[in-house]
Amino acid sequence: MPAIEFLSILRTLADYGVDHIVAGGVAAVLEGAPVNTFDLDLVHSTSPANIERLLPALAALDAYYRTQPERRLRPEASHLASPGHQLLVTRFGPLDLLGSIGRGHTYQDLLPRTVELAAGAGLRVRVLALEALIAIKEETAGEKDLAVLPILRRTLEEKNRGKIKKPWT
Amino acid sequence: MARILIAGRKPAQDAVPGGFVLSAGICYPTTSDMPSDAQPPLAPPVRSEDGVDLTLIRWFLSLTPAERLESLENFVNGVLMIRGENAGH
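Residues numbered from 1 in each chain as written. Chains lettered and ligands numbered in written order. Predicted model: local features only at pLDDT ≥ 70, side-chain atom pairs only at ≥ 80, totals over all residues. Heavy atoms only, no water.

**Considerations on the interface of chain A and chain B**
How we decide: Only heavy atoms matter for contacts: two residues are in contact if any of them lie within 4.5 Å across the pair. The term buried area means the drop in 1.4 Å probe accessible area that two parts suffer when joined, counted for both and summed. The salt bridge criterion pairs a side-chain nitrogen of Lys or Arg with a carboxyl oxygen of Asp or Glu, the two atoms within 4 Å. Polar contact is the term for a pair of N or O atoms within 3.5 Å; when the atoms are in protein, one must be able to donate a hydrogen and the other to accept it, and sequence-neighboring residues count only if both atoms are side-chain atoms. By the criteria applied, helices consist of DSSP H or I runs no shorter than four residues and strands consist of E runs no shorter than two, each listed in order from the N terminus. In this count, Pro and Cys sit with the nonpolar residues alongside Ala, Val, Leu, Ile, Met, Phe, Trp and Tyr, while Asp, Glu, Lys and Arg are called charged and the others, Gly among them, polar.
Contacts between chain A and chain B engage 30 residues on the former and 24 residues on the latter. The junction of chain A with chain B conceals about 2400 Å² of combined surface from both sides, 74% of it contributed by carbon and sulfur atoms. Joining chain A to chain B, the criterion identifies 2 salt bridges. When the shortest N-O distance is used, the salt bridge between A:Arg154 and B:Asp50 registers 2.2 Å. Put simply, chain A and chain B have 6 residue pairs in polar contact (both at pLDDT 80 or more) between them. Residue assignment for the side of chain A that touches chain B shows that the elements contributing at least two residues are helix H1 (6-15), helix H2 (24-30), strand S6 (114-120) and helix H7 (143-161) of chain A. In terms of residue count, the dominant contributor to the side of chain A that touches chain B is H7(A) (6 residues). Grouping the amino acids of the side of chain A that touches chain B by side-chain chemistry returns 20 nonpolar, 5 polar and 5 charged.

Have a look at this one:
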């Protein structure tokens, strides 16, 4: 497993103009929830134009399916156009590209429920808002989601109390 | 009436009688100023009812998003390094 550099993955996708929303644990972290994760979940736009930009970005990241790493299978346009989940590994760590999340929420559906945040080194990223993250985890309610939901809910409460000034948002 | 002042700061005569002044101008009463039935100011809770450590959340919220991401990367890579060193165990 290479050293994980989530920021480098996000930087590469930005360099290629890929439309995507940061979801999952990294979104929770960016929103201030003290949770841990080993992969980067992104909901990408499945529009043909975006997939045209996404393919060379994935090539630059040396992305292939981590389910059968020995075969180094690379995602194709038809895979990326589907609502399914592409579980990849890149030279900067694991990357899950999600055509949809929860009960079929796509990039377009989720766009109004996002915030833009500074992720470091001048990079701004679109992140699923904490409220939406909680709502979608409640929909799916897997064991992993149930474990993290109390932390997300309490983080949202603390944010809403407004005790912490957030000049960077 | 006891009055404790932080060095270099003027007494806050218009604040709570007695007590001491912090940099934010908040005046905290000392115990000798309190009526016998008074309680010290309540500290914010450290845990939620469902057991979540709120101090960690407050600390993490005090960071910028970039600092949070860096903290996550450092944590994950630290764990991976330890895993690598213990491979086969």
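After presenting the structure, the write-up continues.
**Brief notes about unusual backbone geometry**
Residues and elements named next belong to chain A. The condition is simple: The rule is simple: take the accessible area with a 1.4 Å probe, protein chains only, and divide by the maximum for that residue type; under 20% is buried, over 50% is exposed, in between is partly exposed.
In the Ramachandran plot, Asp62 falls in the positive-phi region, its phi being about 55° despite a non-glycine side chain. Looking at the secondary structure, you find Asp62 in the loop between helix H3 (48-60) and strand S3 (64-65). According to the relative accessible area criterion, Asp62 is partly exposed, its value standing at 25%. We note that Ala121 has phi near 55°; this positive angle belongs to a residue other than glycine. Tracing the chain through its elements places Ala121 in the loop between S6 and strand S7 (123-128).

**A look at the pattern of salt bridges**
Residue and element names in this part refer to chain A. Taken as a whole and assessed by the stated rule, the structure comprises 14 salt bridges over all chains. In this structure, the salt-bridge partner of Glu157 is Arg154, at a minimum N-O distance of 3.0 Å. Separated by 3 residues within a single helix, Glu157 and Arg154 lie in helix H7, roughly one turn from each other. You can call Arg154 buried: its relative accessible area is 13%. What emerges from the salt-bridge pattern is a single network uniting Asp39, Arg66 and Asp96.

**Things to note about the pairing of strand S4 (residues 85-90) of chain A**
Successive residues of a regular strand alternate their side chains across the two faces of the sheet. All names here are of chain A. For the record, the criterion: Between any two strands, pairing holds if DSSP finds at least two bridges.
With 2 bridges joining them, S3 and S4 adopt antiparallel strand pairing. Within the sheet, the bridge partner assigned to Tyr64 lies in S4 and is Val89. Two strands pair when backbone bridges link them, and S4 and strand S5 (residues 93-98) are joined in this way by 6 bridges, in the antiparallel orientation. Bridge pairing links Leu88 to Leu95 in S5. Hairpin connection of S4 to S5: 2 residues between the antiparallel strands.

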